[in-house]
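# An overview of the molecular structure
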Amino acid sequence: MFVVVAGAGKVGFHLARALVPDHEVLVIEIDPSRADYVGEELGEEVVMQGDACDAATMERAGMERADMVVAATGDDEDNLTFCQIAKAKFNVPRAVARINNPQNEGLFKQLGIDATVSATSLIMAHIEQELPWRGLIPLLMLRSHGLEIVEVRIPSDAAVVGRNLRSLLLPHGSLIVLVIDQGGTPHLPSAETVVQAEDILIALTNIDSEEALRAALTSPP
Amino acid sequence: MFVIIMGCGRLGAQLAVMLEDQGHEVTILDLDKYAFDHLPPGFKGRKFLGDGTDQDTLRRAGAERADAFISATRGDNRNALAAQVAKHVFHIKRVGSVIFDPIREEVYRELGLSTINPTRIEASLLMEAVMKAPVD
């Protein structure tokens, strides 16, 4: 695969280094001394000095034959512009953007960016997993149709404890895909699977149904 | 109308004054408080210190009730991001954006943003001025 990465900061550099053995990679870096450093470390052919959002630079990079672009700079506005130009002008089939301000995640999806990665959101999800709270932990936003994979821990006083999945009224567009028991063993759920306190349920849900799903699984009777 | 302007450089400040003179309510945002020095002393609109690409900041600046939003910083990418937040998150009806790079401007116009490209406009005005200049 030919992957063009915008930004050779820590994220872009380590990503490029990981991709180099198996893929053709080109990193576009605006800072000349940083670009030199990347050239020495990964090879001259892996780096290009220039503004990744500039169409002439993109053309020189061979953007029209890129299979994927990854926007890895520390600025969301640059990441968005790079992905939007790559898709709109060079017809790159897949664009992945690093998100720095988690509030931009939904917008980037709405604007057609295929996948987003937000370190803040990922760390938040891990922190939330450690906290006793009645909420859904978002694990993964899926590319299309506004679907998301979430995790929920069943509180011991939840109305669903002791009931089987068949009898649960879940919101439209939500599906329990995995049940992890207290011992940490995962089970593929069936209609007869009985929900136990402290079970972890992994569900696929419509983003709009998130709140209804949370209420259905965690509310007390 | 209630108009939010992002970027209080010469362009943003000039625009703010013009809108205010026409009787509109204006809030002007900038990251740098010294940028507000571009405004004349009598300016009555609201000066708001903050990042206009940030959704919380825009909400606090009143984006939910804004009739129009204009991004006029010197950064094309910031202008484009802010304009898209205004349009798609806050559903502001009138959104305008300055994009200096002619190619980027073309891409964003095709993606449905209302854009102004000062580079192209200035170039044609300069050309016109030179061509029409009297020659002895």
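Positions within a chain are numbered from 1, following the residues in the order the chain's sequence is written. Just so you know, chain letters begin at A and ligand numbers begin at 1, following the order they were written in. Predicted model: local features are reported for residues with pLDDT of at least 70 only, side-chain atom pairs are reported and counted for 80 or more only, and whole-chain, interface and lining totals are derived from all residues. With hydrogens and water stripped out, all remaining heavy atoms of the structure feed into the side-chain values.

## So, the overall build of chain A
Put simply, the test is: Only DSSP runs of H or I with at least four residues qualify as helices, and only runs of E with at least two residues qualify as strands; both kinds are numbered from the N terminus onward. In this description the radius of gyration comes from C-alpha coordinates, and the expected globular size is given by 2.2 Å times residues to the power 0.38. Only protein chains enter the accessibility calculation, which uses a 1.4 Å probe; a residue is then buried when its area is under 20% of its type maximum, exposed when over 50%, and partly exposed in between. Accessibility throughout is a Shrake-Rupley quantity obtained with a 1.4 Å probe, and a residue counts as covered only by protein chains that appear here.
The helix and strand tally for chain A stands at seven helices and eleven strands. Its C-alpha radius of gyration of 21 Å places chain A more than 25% over the 17 Å reference for a compact globule of 221 residues. When its C-alpha atoms are laid out on the principal axes, chain A stretches across 60 × 30 × 25 Å. Here chain A holds 221 residues, and 45% of them are scored as buried. Just so you have it, chain A exposes about 10,900 Å², and 56% of that area is on carbon and sulfur atoms.

## A few points about the environment of A:Thr120
Residues and elements named next belong to chain A. Short version of the rule: Contact definition: two residues touch when any of their heavy atoms are within 4.5 Å.
Along the chain, Thr120 falls in helix 6 (residues 119-130). Placed 24 residues apart in sequence, Thr120 and Val96 show a C-alpha to C-alpha distance of 16 Å. When neighbours within four sequence positions are excluded, Thr120 is seen to be in contact with Asn100 and Pro102.

## Thoughts on the sheet that holds strand 1 (residues 2-6) of chain A
Residues and elements named next belong to chain A. Note the cut-off: The pairing criterion for strands is at least two bridges between them, as found by DSSP. The axes are straight lines fitted to the C-alpha atoms, using for helices just the contacting stretch, and the angles between their N-to-C directions are given from 0 to 180°.
As summarised here, the arrangement of the six strands in space is 3-2-1-4-5-6, forming an open sheet in which the pairing is parallel. The open sheet terminates on both sides in strands that have one partner only, identified here as strand 3 (47-49) and strand 6 (115-118). Between one strand and the next, the sheet's axes are offset by a mean angle of 20°, whatever the strand orientation. Examined bridge by bridge, strand 1 and strand 2 (residues 24-29) share five bridges and lie parallel to one another. Note that in strand 2 the partner of Ala6 across the bridge is Ile28. In the packing of helix 2 (residues 32-42) onto the sheet, contacts are made with strand 2 and strand 3, and the angle to strand 3 comes to roughly 165°.

## Observations regarding the side chain of A:Thr193
Residue and element names in this part refer to chain A. Let me state the cut-off plainly: Whenever a nitrogen or oxygen atom comes within 3.5 Å of another N or O atom, the pair is scored as a polar contact, on the condition that within protein one atom can donate a hydrogen and the other can accept it, and that pairs from neighbouring residues in sequence are kept only if both atoms are in side chains.
With respect to the helices and strands, the residue Thr193 is situated in the loop between strand 10 (186-187) and strand 11 (200-206). Residue classification places Thr193 among the buried residues on the basis of a relative accessible area of 19%. A distance of 2.8 Å separates a polar atom in the side chain of Thr193 from the backbone nitrogen of Ser190. Among all residues touching Thr193, those that are not within four sequence positions of it are Arg163, Asn164, Leu165 and Val179.

## Topic: the sheet that holds strand 9 (residues 175-180) of chain A
With antiparallel pairing, five strands are arranged side by side in an open sheet as 7-8-11-9-10 (chain A). Each edge of the open sheet carries a strand with a single partner, namely strand 7 (137-141) and strand 10 of chain A.

## Observations concerning the pattern of salt bridges
The condition that has to hold: Salt bridge, as used here: a side-chain nitrogen of Lys or Arg that lies within 4 Å of a carboxyl oxygen of Asp or Glu.
Tallying each qualifying case throughout the model produces 15 salt bridges over all chains. As a salt-bridge pair, A:Arg153 and A:Glu198 come within 3.7 Å of each other at their nearest N and O atoms. Linking A:Arg153 in strand 8 (residues 147-153) with A:Glu198 in the loop between strand 10 and strand 11, this pair joins segments that are 45 residues apart in sequence. We classify A:Arg153 as partly exposed; its relative accessible area is 39%. Residue B:Arg120 pairs with B:Glu105 through a salt bridge whose shortest N-O separation is 3.2 Å.

## As for the confidence of the model for chain B
How we decide: The pLDDT score gives, residue by residue, the confidence of the prediction method on a 0 to 100 scale.
Mean pLDDT over chain B stands at 95; residues scoring 70 or higher make up 100%. Overall fold confidence for the complex sits at a pTM of 0.80, while the interface term, ipTM, reaches 0.88.

## Some thoughts on the side chain of B:Ser71
Residue and element names in this part refer to chain B. Relative to the assigned elements, Ser71 resides in strand 4 (residues 68-71). A polar contact of 2.9 Å, which involves the side chain of Ser71, links it to the backbone oxygen of Asn79. Residue contacts for Ser71: discarding those within four places in its chain leaves Met6, Asn79, Ala82, Ala83, Gly96, Ser97 and Val98.

## Observations concerning the interface of chain B and chain A
What counts, and what does not: Reported buried area values correspond to the accessible surface (1.4 Å probe) lost by two parts on association, with both partners' losses combined. Gly counts as polar in this scheme, as do all residues outside two lists: the nonpolar Ala, Val, Leu, Ile, Met, Phe, Trp, Tyr, Cys and Pro, and the charged Asp, Glu, Lys and Arg.
Contact residues are listed per partner, giving 18 residues for chain B and 20 residues for chain A. Summing both partners gives a buried area of about 1,600 Å² for chain B against chain A, and 52% of it is carried by carbon and sulfur. Taken as a group, B:Asn77, B:Leu81 and B:Arg104 account for 31% of the area that chain B buries against chain A, more than any other trio of residues on that side. Summed over the shared surface of chain B and chain A, the number is two salt bridges. Its salt-bridge partner being A:Glu77, residue B:Arg78 comes within 3.1 Å of it at the nearest N-O pair. Taken together, the connections running from chain B to chain A amount to ten residue pairs in polar contact (both at pLDDT 80 or more). Contributing elements (two or more residues each) for the side of chain B that touches chain A: helix 2 (55-60), helix 3 (76-88) and helix 4 (102-110) of chain B. Ranked by residues supplied to the side of chain B that touches chain A, first place goes to helix 3 of chain B with six residues. Here the residues of the side of chain B that touches chain A sort into seven nonpolar, five polar and six charged.

## A short note on the pairing of strand 5 (residues 94-98) of chain B
Residues and elements named next belong to chain B. The line we're drawing: With the strands aimed away from the viewer, a crossover counts as right-handed if its path from the first strand over the helix to the second runs clockwise.
Burial runs high along strand 5: four of the five residues are buried. Between strand 4 and its parallel partner strand 5, the chain crosses via helix 3, and the hand of that crossover is right-handed. Two strands pair when backbone bridges link them, and strand 5 and strand 6 (residues 114-116) are joined in this way by three bridges, in the parallel orientation. Considered in strand 6, the bridge of Gly96 is made with Ser114.

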